[in-house]
Amino acid sequence: MELDCEIQEYKGQDQLVVKSHIAATGSATSFMPKAPWDLVVSDLKSRWQETAAKTTEKHGEFLKSFFRNITNPERVASFPDQDRDFENHPGSMKIHHAYTHGLLEHTVEVMEIAKDICIRMNLSERETSLAIVGAAIHDVGKLVEVDVVGAKYEQSSTCKSFGWTSNTHLYSGLIMF
C-alpha cells in the first residue's frame, strides 16, 4: 500500500493524516509471517529428494508420487474447496514453523532426523525406508487443519465442522489417505 500522509496537530498531539492511498497489489500471502532466516524453497526440495533417495525403490516411488501430489494444490482433492499448497503452507497456526513454507521445512527436518536415527541404530534399509516415509506423511493433515485467512492462520472451517478442537491434523491426515 502506498500512502500520502502529513503530520498535523490535534488537541496538542501529533497525528498522522492520510491524504490519499493506493491499495497494494498481489495476494495477502505477501503479508504472511516469514521464516526468521533466509529460507530457500529449492534447497528444501533438494533436501527432500536427498532424504527420499535413502528409501527402498518401492518406498522411493511412493515418496516421489506423494511429493508430486502434495505440492500440486489441484491434486490434493480430499477437500477441493480449500487451497492446499504444501510448499507454502505453515507448519502450525502459532507454535512451530508458523510461517510460509513452514510445513515443508518441518517435514524435511523430521525426515532427516528419522534417517539419521535409523543410521545410528543400524536399522535395515527397509526399516529406515519406512521411518522416512512415516516422517514424510506425519503432518500432511495440516493441509486441512490450517487455513490461511487474509494475512493470518486459523483452524479450518472443515475441522470446525467436525467439532475437532486440537491436533486436528491427525484426523485430517487419516481422511486424506
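A brief report on the enclosed structure follows. Chains are numbered independently. Their residues run from 1 in the order of the written sequence. pLDDT decides what is reported in this predicted model: residues at 70 or higher carry local features, side-chain atom pairs at 80 or more are listed and counted, and totals for whole chains, interfaces and linings draw on all residues regardless. Only hydrogens and water are set aside when side-chain values are computed; all heavy atoms of the structure are taken into account.

1. Thoughts on unusual backbone geometry
- Even without glycine at this site, His97 takes up a positive phi of about 55°.
- Think of it this way: any DSSP run of H or I at least four residues long counts as a helix, any run of E at least two long counts as a strand, and we number them from the N terminus. Structurally, His97 is set in the loop between α2 (57-70) and α3 (102-120).
- The backbone phi angle of Asn122 is positive, close to 55°, even though this residue is not glycine.
- Along the chain, Asn122 turns up in the loop between α3 and α4 (125-137).

2. Notes on the pattern of salt bridges
- A side-chain nitrogen of Lys or Arg and a carboxyl oxygen of Asp or Glu constitute a salt bridge if their distance falls within 4 Å. Tallying each qualifying case throughout the model produces three salt bridges.
- Note that Glu112 is salt-bridged to Arg47, the shortest N-O span being 2.8 Å. Of this pair, Glu112 sits in helix α3 while Arg47 sits in helix α1 (residues 41-52); the two residues are 65 residues apart in sequence, bridging distant segments of the chain.
- According to the relative accessible area criterion, Arg47 is partly exposed, its value standing at 28%.
- In this structure, Lys115 engages Asp116 in a salt bridge whose closest nitrogen and oxygen atoms are separated by 3.7 Å.
- Residue classification places Asp116 among the partly exposed positions, given a relative accessible area of 34%. Partly exposed residues are those whose accessible area sits between 20% and 50% of the maximum for their type, while under 20% is buried and over 50% is exposed, using a 1.4 Å probe and protein chains only.

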